[in-house]
Amino acid sequence: ARMIELVDNLIRLSRLDSKKVPVKIETFNYRKVIEEIVEFFQFEATSKGLFLEIEPSKNQREVILTDRTHFEAILTNLIKNALKYTQNGGVSISWTQDKNNLLVTVSDTGIGIKKEDQPIIFDRFTQVNQMSKGGFGIGLSLTQIYVNLLGGRIWCESSFGQGSRFNFTIPLQS
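Owing to the predicted nature of the structure, the values given are computational and were not obtained by experimental measurement.

Cut-offs used in this document
Residues numbered from 1 in each chain as written. Predicted model: local features only at pLDDT ≥ 70, side-chain atom pairs only at ≥ 80, totals over all residues. Heavy atoms only, no water. Pairing = 2+ DSSP bridges. Helix = DSSP H or I, 4+ residues; strand = E, 2+ residues; numbered from the N terminus. Axes fitted to C-alpha atoms, helices over the stretch in contact; angles between N-to-C directions. Contact = heavy atoms within 4.5 Å. Polar contact = N/O pair within 3.5 Å; in protein donor to acceptor, adjacent residues only side chain to side chain. Buried < 20%, exposed > 50% of the residue type's maximum accessible area, 1.4 Å probe, protein only. Phe/Tyr/Trp six-rings, centres within 6.5 Å; stacked < 30°, edge-to-face > 60°. Lys NZ or Arg CZ within 6 Å of the ring centre and 35° of its normal.

> Tell me about the sheet that holds strand S2 (residues 51-55), residues and numbers included.
On the basis of which strands lie adjacent, the open sheet formed by five strands has the order S2-S4-S5-S7-S6 and mixed pairing. Sheet topology places S2 and strand S6 (153-159) at the edges, where each strand pairs with a single neighbour. Strand-to-strand twist in this sheet, taken as the mean axis angle between neighbours without regard to direction, amounts to 15°. Sheet topology note: the S6/strand S7 (residues 163-171) ladder contains seven bridges and is antiparallel. Its bridge partner being in S7, Trp155 is matched across the sheet by Asn167. Sitting on the sheet, helix H2 (residues 30-47) is in contact with S2, strand S4 (90-97) and strand S5 (101-108), with an inclination near 170° to S2.

What follows is the structure, given as structure tokens:
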């Protein structure tokens, strides 16, 4: 299964590099997508004794015009990583928006990332954590490419030993 995941990710990277990944713009309810992804990971979180929660924003339109598949991949990768590197506490997903962009934050109470490692976490085949959980160092690189493809940006705020916050923006209308 791990070899299949590696090959899958390498094919995705190759397609993204060659610009052969279509962007299918559609209108969808991003809150429902977030809820579906959280529901999918709920069993994994519970089995590790972690919470996985949504902190919904109020009084915001919940519709976005972008590529749903890429949006789902971004969230899936960030939540999967957060759960992988969190031993106690849990993961929260929140969002807010201004007139142009949706800002989504995936926060965890995990092991965090050292300040000197933060500039390279989105580099391909890079794993900065000594407690590596067997990944390939491709997930965050793919995530950044998807965010960029949708016209957004992604960044991390983290304190080693205290968890991380991965934030990304996506224009409300691509």
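> Please give an account of the side chain of Ser92 that cites residues and values.
Mapped onto the fold, Ser92 is located in strand S4. Separated by 2.9 Å, the side chains of Ser92 and Glu53 make a polar contact. Residues in contact with Ser92, not counting those within four places in the same chain, are Phe51, Glu53, Glu55, Thr105, Val106 and Ser107.

> Can you explain the pairing of S7? Please cite residues and give values.
Burial analysis of S7 places eight of its nine residues in the buried class, the great majority of the element. Looking at chain direction, S5 and S7 are connected through eight bridges and run antiparallel. Directly across from Leu103, in S7, lies its bridge partner Thr169.

> Before we move on, can you summarise the packing of aromatic side chains with the specific residues and values?
Taken as a whole and assessed by the stated rule, the structure comprises five aromatic pairs. With centroids separated by 5.1 Å and ring planes inclined at 90°, the aromatic side chains of Phe40 and Phe41 adopt a geometry described as edge-to-face. A relative accessible area of 4% means that Phe41 is categorised as buried. Each member of the aromatic cluster is reached from another via a ring pair, and the members are Phe28, Phe71 and Phe168. Directly above the aromatic system of Phe160 lies the positively charged group of Lys114, at a separation of 5.1 Å from the ring centroid.

> With reference to specific residues and values, describe helix H4 (residues 139-149).
Turning to H4, its buried residues number three or more, namely Leu140, Ser141, Leu142, Thr143, Ile145, Tyr146 and Val147. Looking one or two places after H4, you find Gly151, whose phi comes out positive at around 85°.

So yeah, pure geometry; function would need other evidence.
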